[in-house]
Each structure stands twice: as structure tokens, then as C-alpha cells.
Amino acid sequence: MTSHAADPLPEPDHELGYSEELLNGVLGDRMSRFHEYMMLKAHAMGPNGPVYFPSDVRRFVDFYVTRTARPLTEGEVRALFDTWEAEGRGKVD
């Protein structure tokens, strides 16, 4: 997982990611919003309940907790589509 300065996240406590118990201690009153964020996303089941993948937890914390995430600019979106078209992805024969 990427290391961030003043990172509020500890190391995951399960081989697949973060347990519900650990995240509840870290996120506190943000847990209900985290559950909404995780709706329709995959997670694992550990022996004591759900285990959330570090990448999903990181995205949630970056956007909703530390606000380091930002929307893509119009130019960045265009560049992604240009790359996608140049690689021939998305074409139906």
C-alpha cells in the first residue's frame, strides 16, 4: 500500500486487508459512510467478519477523510480516451 505523510491508516490486520473491528476504531463515526461507499464493492469474509481490501480502504480515506483525491480534469479524461483508442481497446469487430 502507498505510504502517505500523516497517514491515518495502520497496517492491515488481516492477510487480505482491514477487519471491520480495526476500521471501526480508525474511522469511528465515518463507518456508516464507509459501508455506503463499499456497497457493491467486493470484500472478503474473515473468521470474525468482513475484511476490506486495502485499495478500497485507501480510496475511501483519501477522498472522504484526508481529501487528497480529486476529480480528473477534462484534459486528463481526454488523454485517457486517446490512449484507450490508440491501444485499440473498446472496438467491436
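This structure is a prediction, so every number in the text was calculated from the model and none was measured.

Peer 1: Sorry if this is basic, but what is going on with the overall build of the protein here?
Peer 2: When helices and strands are tallied, the protein shows 4 helices and 3 strands. Across the 93 residues in the protein, those meeting the buried criterion constitute 23%. Taking contacts inside the protein between residues at least 6 apart in sequence as the whole, the part at least 24 apart equals 49%. Carbon and sulfur atoms make up 54% of the accessible area of the protein, which totals about 6900 Å².

Peer 1: How do you make sense of the pattern of salt bridges when you look at a structure like this?
Peer 2: A full pass over the atoms with the stated rule returns 3 salt bridges. Notably, a salt bridge pairs D56 with R59, separated by 3.0 Å at the nearest N-O pair. Of the two residues, D56 and R59 are both situated in helix α3 (residues 54-65); the distance of 3 residues between them amounts to about one turn of the helix. A salt bridge links R58 to D62; its shortest N-O distance comes to 3.3 Å. In this pair, R58 and D62 are both assigned in helix α3, 4 residues apart and thus about one turn of the helix distant. The two residues R58 and D62 agree in class, both being buried.

Peer 1: Even after reading the chapter, I still don't get the pairing of strand β3 (residues 49-52), so can you show me in this structure?
Peer 2: Side-chain positions along a regular strand alternate between the two faces of the sheet. Of the strand pairs in this sheet, strand β1 (residues 18-19) and β3 are connected by 2 bridges, and their pairing is antiparallel. Looking at β3, one finds that S19 is bridged to V51. Sheet analysis places strand β2 (residues 44-46) next to β3, joined by 3 bridges and oriented antiparallel. For G46, the partnering residue across the bridge sits in β3 and is G49. Linking β2 to β3, which pair antiparallel, is a turn of 2 residues.

Peer 1: Help me understand the packing of helix α2 (residues 31-38) against α3 in this model?
Peer 2: Helix-helix packing: each pair is described by the crossing angle between the helix axes and the interaxial distance. Contact geometry of α2 with α3 gives a least axis separation of 11 Å together with a crossing angle of 125°. Viewed along their axes, α2 and α3 adopt a mutual orientation that is oblique. Seen along the crossing, α2 lies across α3 with a hand that is right-handed. On the side of α2, the interface is formed by R33, F34, Y37 and M38, while α3 contributes D56, V57, R59, F60 and Y64.

Conventions adopted
- Residues numbered from 1 in each chain as written.
- Predicted model: local features only at pLDDT ≥ 70, side-chain atom pairs only at ≥ 80, totals over all residues.
- Heavy atoms only, no water.
- Helix = DSSP H or I, 4+ residues; strand = E, 2+ residues; numbered from the N terminus.
- Buried < 20%, exposed > 50% of the residue type's maximum accessible area, 1.4 Å probe, protein only.
- Contact = heavy atoms within 4.5 Å.
- Areas by Shrake-Rupley, 256 points an atom, 1.4 Å probe, with all protein chains shown as cover.
- Salt bridge = Lys/Arg side-chain N within 4 Å of Asp/Glu carboxyl O.
- Pairing = 2+ DSSP bridges.
- Axes fitted to C-alpha atoms, helices over the stretch in contact; angles between N-to-C directions.
- Parallel < 35°, antiparallel > 145°, perpendicular 65-115°, else oblique.
- Left-handed = near helix turned anticlockwise from the far one by under 90°.

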